[in-house]
Amino acid sequence: MYDYDVLVVGSANVDLVIGVERRPGAGETVLGSDLAVHPGGKGANQAVAAARLGARTALLARVGDDANGRLLLESQRGAGVDTRGVLVGGAPTGVALITVDPSGDNSIVVSPGANGRLTPEDVRAAGPLLRASRVVSAQLEIPVESVVEVVRQLPSGTRFVLNPSPPQALPAEVLAACDPLIVNEHEARVILGGGEVGDDPAAWARELLASGPRSVVVTLGPEGALVATAEEVVRVASVKVDAVDTTGAGDSFTAALAWRLGAGAAPAEAAAYAARVGALAVTRRGAQESFPTAEEVAAL
């Protein structure tokens, strides 16, 4: 019935990564490692991660008509992603400036570039891709009005997964379509209004669920994740590994979760699988280069 297990609608960036002993404070300069250039962007990352796991995957995105755009298209095709939905031109390819400290934690600044030109009209024109996909996954490195259009064009029976990153207040119709809404601690606090929300992730999950999504997943890094549905809130354990670089780990988690949910796995089962995928990703440097295959996940 479906040509694709996962359609990712989102950003495609080139990641410019520098290792630092510590991240600089305001007005401060620190020295770092040699610059590393990697294909990235939350949308492109999720597409590669899903394809590496064996999902039939397509990407709807926009890149510039430049060397960075060609790098991104080459990376997608090399992973087996269908790129017929990747539009070219309108602005330079998006760029992410990333610093990574010795613990593997990162800080990221994104110049959206062509990502900001992925319009609702582009989404409407991609109707055949949407209708051919079992699950559609999106993020917020593209205009929120384009995400709204994805929801409006979503075929009956197609699951919608959203990681609202970078976080912002979401329209009610987008929240109502999420199954699940996937957030980390920072994203949860922003979506909940940024006020005093306490320190209990289970309470965040219940409050987020009450705001409209059909299900919610709260990722907790080395502490695992919480999965909230109308019936229960379940904690999913993490896999203990030595983290080298967390860049892209959340994207690999989201992609794995979306794929397994589309394949019929229960939410907690899908999240446990996604946690193993994310754990493997943080043991390697880079984003897309770090994503595991299904065989590697099975071996873990």
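Just above, that's the structure.
Residues numbered from 1 in each chain as written. Predicted model: local features only at pLDDT ≥ 70, side-chain atom pairs only at ≥ 80, totals over all residues. Heavy atoms only, no water.

Caption draft 1: A look at the nonpolar core. Membership of the largest hydrophobic core comes to 45 residues, with the highest contact counts inside it found for L53, L59, V217, F253, L257 and Y273. Elements with a minimum of two residues in this core: β1 (4–9), α1 (42–52), β4 (57–63), α2 (67–79), β12 (225–228), α9 (249–262) and α10 (267–281). If you tally residues by element for this core, the top one is α10, at 8 residues. In contact with L53, not counting residues within four places along its chain, are A256, W259, Y273, V277, P292, T293, A294 and V297. Formed by 42 residues, the second largest nonpolar core is a distinct cluster that contains L60, A177, I191 and L209. (Core = buried A, V, L, I, M, F, W, Y, C linked by side-chain atoms within 4.5 Å. Buried < 20%, exposed > 50% of the residue type's maximum accessible area, 1.4 Å probe, protein only. Helix = DSSP H or I, 4+ residues; strand = E, 2+ residues; numbered from the N terminus. Contact = heavy atoms within 4.5 Å.)

Caption draft 2: Highlighting the environment of A44. Counting through the fold element by element, A44 comes out in helix α1. Between the C-alpha atoms of A44 and N13, which are 31 residues apart in sequence, the distance is 7.6 Å. In this structure, A44 is in contact with S11, A12, L59, Q76 and Q288, ignoring residues within four places of it in sequence.

Caption draft 3: Focus on the sheet that holds strand β2 (residues 13–19). A sheet is described by the order of its strands in space; here 4 strands give the open sequence β3-β2-β6-β7, paired in mixed fashion. Edge strands, defined here as strands with exactly one partner in the open sheet, are β3 (36–40) and β7 (106–111). In this sheet, adjacent strand axes meet at a mean angle of 25° when their direction is disregarded. Those strands touched by α2 are β2, β3 and β6 (94–100), and its axis lies near 60° from that of β3. (Pairing = 2+ DSSP bridges. Axes fitted to C-alpha atoms, helices over the stretch in contact; angles between N-to-C directions.)

Caption draft 4: Examining the sheet that holds strand β13 (residues 233–236) more closely. The mixed open sheet is built from 9 strands, whose spatial order is β5-β4-β1-β8-β9-β10-β11-β12-β13. The two strands at the open ends of the sheet, each matched to only one other strand, are β5 (82–88) and β13. For this sheet, the mean angle separating the axes of adjacent strands, direction not counted, is 15°. Two strands pair when backbone bridges link them, and strand β10 (residues 178–183) and strand β11 (residues 216–219) are joined in this way by 3 bridges, in the parallel orientation. Among the inter-strand pairings, I182 is bridged to a residue of β11, identified as V217. Most of the contacts of α10 go to β13, to which it runs at about 20°, and overall it touches β12 and β13.

Caption draft 5: Representation of the pattern of salt bridges in the model. Scanning all chains against the criterion turns up 13 salt bridges. Here R22 ties to E28 by a salt bridge, and the two come within 2.4 Å at their closest N and O atoms. The salt bridge partner of K42 is D251, with a shortest N-O separation of 3.8 Å. Here K42 is found in helix α1, whereas its partner D251 is found in helix α9, with 209 residues between them in sequence. Here the residues in one salt-bridge network are E121, R124 and E149, joined through shared partners. (Salt bridge = Lys/Arg side-chain N within 4 Å of Asp/Glu carboxyl O.)

Caption draft 6: Structural context of the side chain of S290. Within the secondary structure, S290 is located in the loop between α10 and α11 (294–299). S290 sits in the buried class, given a relative accessible area of 0%. From its side chain, S290 meets the backbone oxygen of A287 in a polar contact 2.7 Å long. Beyond its immediate sequence surroundings of up to four residues, S290 is in contact with T247, L280, A281, R284 and R285. (Polar contact = N/O pair within 3.5 Å; in protein donor to acceptor, adjacent residues only side chain to side chain.)

Caption draft 7: Expanded view of the packing of α1 against α2. Running from amino to carboxyl end, α1 crosses α2 at an angle of 20°, the nearest separation of the two axes being 9 Å. The angle between α1 and α2 places the two elements in the roughly parallel class. Relative to α2, the crossing made by α1 is left-handed. Where α1 abuts α2, its residues A44, A47, V48 and A51 lie against S75, Q76 and A79. (Parallel < 35°, antiparallel > 145°, perpendicular 65-115°, else oblique. Left-handed = near helix turned anticlockwise from the far one by under 90°.)

Caption draft 8: Just α9, in detail. Over its 14 residues, α9 extends 20 Å from the first C-alpha to the last, a length consistent with the 20 Å expected when each residue adds 1.5 Å. Counted residue by residue, α9 has 12 buried out of 14 residues, so it is predominantly covered. All of the buried residues in α9 are A249, D251, S252, F253, T254, A255, A256, L257, A258, W259, L261 and G262. Following α9 by one or two positions, G264 has its phi on the positive side, about 105°. (Expected span 1.5 Å × (residues − 1).)

Caption draft 9: Broad picture of unusual backbone geometry. P166 follows S165 through a cis peptide bond whose omega is -5°. One can find P166 in the loop between β9 (159–162) and α6 (172–177).

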